[in-house]
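What follows is the residue order along each chain.
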Amino acid sequence: MGRQLDKLTPALIDFIKNQKLFFVATAMEEGSVNLSPKGLDSLRVLDENRVIWLNLTGSGNETSTHLMGKNRITIMFCAFDGDPIILRLYGSAQAYRSNTVFWKEHIDLFPKMAGSRQLVDVKIDLVQISCGMGVPIMEYKHQRQSLVDWAENQGEEGLKKYWSKKNTISLDGYPTDIAE
């Protein structure tokens, strides 16, 4: 049922572009594994071995912290309609903040969204496709706008205060780079 590839095919790139939800998993050598759902218009395929995603403000900053310690990452997509497909992208990644050249060169690939925190550049080492026959079929209604609305209401200074309060230490006590 499953197969492995060393790069994305055009059909898989189209599949990714049509997904409304994906999941990101990271972990350091020890400690908690982080698994987060991601939505909105926050992922771009740069080429057959590279994707980039816009990480928005959240209740923690685990992904960025994990990538500082151990830059491995898995991104998973699963079809909730159409053909039953689960697609995993395994690789390495680095998070870039708004004060970096990488951010300035790539942020225009995304719509402007309040709360934008990092761009995560993922280099894909392995693509795995498996059946999604156990994944339920679900009807898509729309993206929630609550996170972006909340971030807009915070304003730039409010977001910085929130980051300082909620995003500077990981669940496992590791410092993040958000305050730098």
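This structure is a prediction, so every number in the text was calculated from the model and none was measured. (Residues numbered from 1 in each chain as written. Predicted model: local features only at pLDDT ≥ 70, side-chain atom pairs only at ≥ 80, totals over all residues. Heavy atoms only, no water.)

Trainee: Would you explain the nonpolar core in this entry?
Mentor: One broad rule of soluble globular proteins: the nonpolar side chains tend to lie buried together. By size, the foremost hydrophobic cluster in this structure holds 24 residues, and its most contacted members are L8, I73, I75, F77, L87, L89 and V120. The element that contributes the greatest number of residues to this core is strand β8 (residues 116-131), accounting for five residues. With residues up to four places along the chain from it excluded, the contact list for F77 reads F15, I16, Q19, L21, F22, L43, I85, I86, L87 and L89. In this structure, L40, L56, F110 and V148 belong to the second largest nonpolar core, which totals twelve residues. (Core = buried A, V, L, I, M, F, W, Y, C linked by side-chain atoms within 4.5 Å. Buried < 20%, exposed > 50% of the residue type's maximum accessible area, 1.4 Å probe, protein only. Helix = DSSP H or I, 4+ residues; strand = E, 2+ residues; numbered from the N terminus. Contact = heavy atoms within 4.5 Å.)

Trainee: Teacher, can you tell me more about the packing of aromatic side chains here?
Mentor: Where two aromatic rings form a pair, the distance of their centres and the angle of their planes describe that pair. Scanning all chains against the criterion turns up four aromatic pairs. For the ring pair W150 and Y162, a centre distance of 4.9 Å and an interplane angle of 75° mean the geometry is edge-to-face. By relative accessible area, which is 29% here, W150 ends up partly exposed. Three or more aromatic residues joined by ring pairs form one cluster here, namely F22, W53 and F77. When the ring centre of Y140 is taken as origin, the NZ or CZ atom of K20, which lies over that ring, is 5.4 Å away. (Phe/Tyr/Trp six-rings, centres within 6.5 Å; stacked < 30°, edge-to-face > 60°. Lys NZ or Arg CZ within 6 Å of the ring centre and 35° of its normal.)

Trainee: Where do I start with the side chain of E62 in this structure?
Mentor: Structurally, the position occupied by E62 is in helix α2 (residues 62-69). No salt bridge is formed by the buried E62; its nearest oppositely charged neighbour, R117, is found at 8.7 Å. Here L171 takes part through its backbone nitrogen, which lies 2.8 Å from a polar atom of the side chain of E62. (Lys, Arg positive; Asp, Glu negative; His and termini not counted. Salt bridge = Lys/Arg side-chain N within 4 Å of Asp/Glu carboxyl O. Polar contact = N/O pair within 3.5 Å; in protein donor to acceptor, adjacent residues only side chain to side chain.)

Trainee: Which parts of the structure should I look at to understand the state of the cysteines?
Mentor: A covalent bond between the sulfur atoms of two cysteines is what we call a disulfide. In this structure the tally under the stated criterion is zero disulfides. Its sulfur unpaired, C78 is 12 Å from the next cysteine sulfur, which belongs to C131. With relative accessibility at 7%, the residue C78 sits in the buried group. A relative accessible area of 28% places C131 in the partly exposed class. (Disulfide = S-S within 2.5 Å.)

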